[in-house]
Amino acid sequence: QVQLVESGGGLVQAGGSLRLSCAASGRTFGSYVTGWFRQAPGKEREFVAGIWWSGSNTWYADSVKGRFTISRDNAKNVVALQMNSLKPEDTAVYYCAAGRGGYGTRAAGDFDSWGQGTQVTVSS
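Residues numbered from 1 in each chain as written. Predicted model: local features only at pLDDT ≥ 70, side-chain atom pairs only at ≥ 80, totals over all residues. Heavy atoms only, no water.

**Side note on the sheet that holds strand β3 (residues 18–25)**
Phase 1 of the analysis: One open sheet holds the four strands; their spatial order is β1-β3-β8-β7, and the pairing between them is antiparallel. The strands lining the two open edges of the sheet, one partner per strand, are β1 (3–7) and β7 (68–73). Averaged over all adjacent pairs, the angle separating strand axes in this sheet is 15°, with direction ignored.
Phase 2 of the analysis: Note: β1 against β3, five bridges, orientation antiparallel. Within the sheet, the bridge partner assigned to L4 lies in β3 and is A24. (Pairing = 2+ DSSP bridges. Helix = DSSP H or I, 4+ residues; strand = E, 2+ residues; numbered from the N terminus. Axes fitted to C-alpha atoms, helices over the stretch in contact; angles between N-to-C directions.)

See below:
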């Protein structure tokens, strides 16, 4: 497992942007699939975006495709989520996760390391 710490959340108006970062510790981070999930009050945790261990492939939930971009820098042990054109329905706690799942995985059960979460609030 790796240890993950998110940062970059905050309050933003609809249409604005935020960039979340996830700092990882552990020498094997570069071999993990990494993803972002979110959980809104009263709702289940849902997949947002994933990135292959090499950074060569990414995949997204339909609700964020074209607005969010996931990236990683294995040399710095960092994964980022650039969020543009934010909507009030994007309001949630966002979690970074890492695991050994296959390409395209969207299942929380495929990720065994999780950060503590960072709050994103989008006002209308």
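Having seen the structure, we can now continue with the description.
**A few points about the pattern of salt bridges**
Phase 1 of the analysis: With the rule as written, the count across this model stands at four salt bridges.
Phase 2 of the analysis: For R38, the salt bridge identified is with E46, shortest N-O distance 2.6 Å. (Salt bridge = Lys/Arg side-chain N within 4 Å of Asp/Glu carboxyl O.)

**Things to note about the packing of aromatic side chains**
Phase 1 of the analysis: Enumeration according to the criterion identifies six aromatic pairs in this entry.
Phase 2 of the analysis: Ring centres 6.2 Å apart and planes at 80° place the aromatic pair W52 and Y103 in the edge-to-face group. Taken as a pair, W52 in the loop between β5 (46–51) and β6 (58–60) and Y103 in the loop between β9 (92–99) and β10 (111–114) lie far apart in primary sequence, 51 residues in all.
Phase 3 of the analysis: Taken together, the ring pairs connect F37, F47, F111 and W114 into an aromatic cluster.
Phase 4 of the analysis: Across the ring face of Y95, the terminal group of R45 is positioned such that the distance to the ring centre comes to 3.9 Å.
Phase 5 of the analysis: The ring of W114 is capped by R45, whose NZ or CZ atom sits 4.8 Å from the centre of that ring. (Phe/Tyr/Trp six-rings, centres within 6.5 Å; stacked < 30°, edge-to-face > 60°. Lys NZ or Arg CZ within 6 Å of the ring centre and 35° of its normal.)

**Digging into the layout of surface pockets**
Summary: where empty space remains is shown by rolling a probe the size of a single water molecule over the atoms.
Phase 1 of the analysis: In this structure, the largest pocket spans a volume of roughly 190 Å³.
Phase 2 of the analysis: Contributing to the lining of the largest pocket are 14 residues, with R38, A40, K43, E46 and E89 lying nearest its centre. (1 Å grid on protein atoms, 1.4 Å probe; cavity = no way out; pocket = protein on both sides within 12 Å on 5 of 7 lines; lining within 4 Å. Points joined across faces, edges and corners; volume = space filled by probe spheres on them.)

**So, the state of the cysteines**
By definition, a disulfide links the sulfur atoms of two cysteine residues through a covalent bond.
Phase 1 of the analysis: This model, assessed by the stated rule, comprises one disulfide.
Phase 2 of the analysis: In this model, C22 is linked to C96 through a disulfide, with the two sulfur atoms separated by 2.2 Å. Handedness of the C22-C96 disulfide follows from its S-S torsion of about -80°: it is left-handed. Of this pair, C22 sits in strand β3 while C96 sits in strand β9, placing them 74 residues apart in sequence. The residues C22 and C96 share a single accessibility class, namely buried. (Disulfide = S-S within 2.5 Å. Buried < 20%, exposed > 50% of the residue type's maximum accessible area, 1.4 Å probe, protein only.)

**Quick look at the pairing of β7**
Phase 1 of the analysis: Side chains of β7 alternate between two faces, with F68, I70 and R72 buried and T69, S71 and D73 left unburied.
Phase 2 of the analysis: Of the pairings in the sheet, the one linking β7 to strand β8 (residues 78–83) comprises six bridges and is antiparallel in character. From the neighbouring strand, D73 faces β8, where its bridge partner is V78.
Phase 3 of the analysis: Here β7 hands over to β8 after four residues, with N77 in that stretch at a positive phi of 55°.

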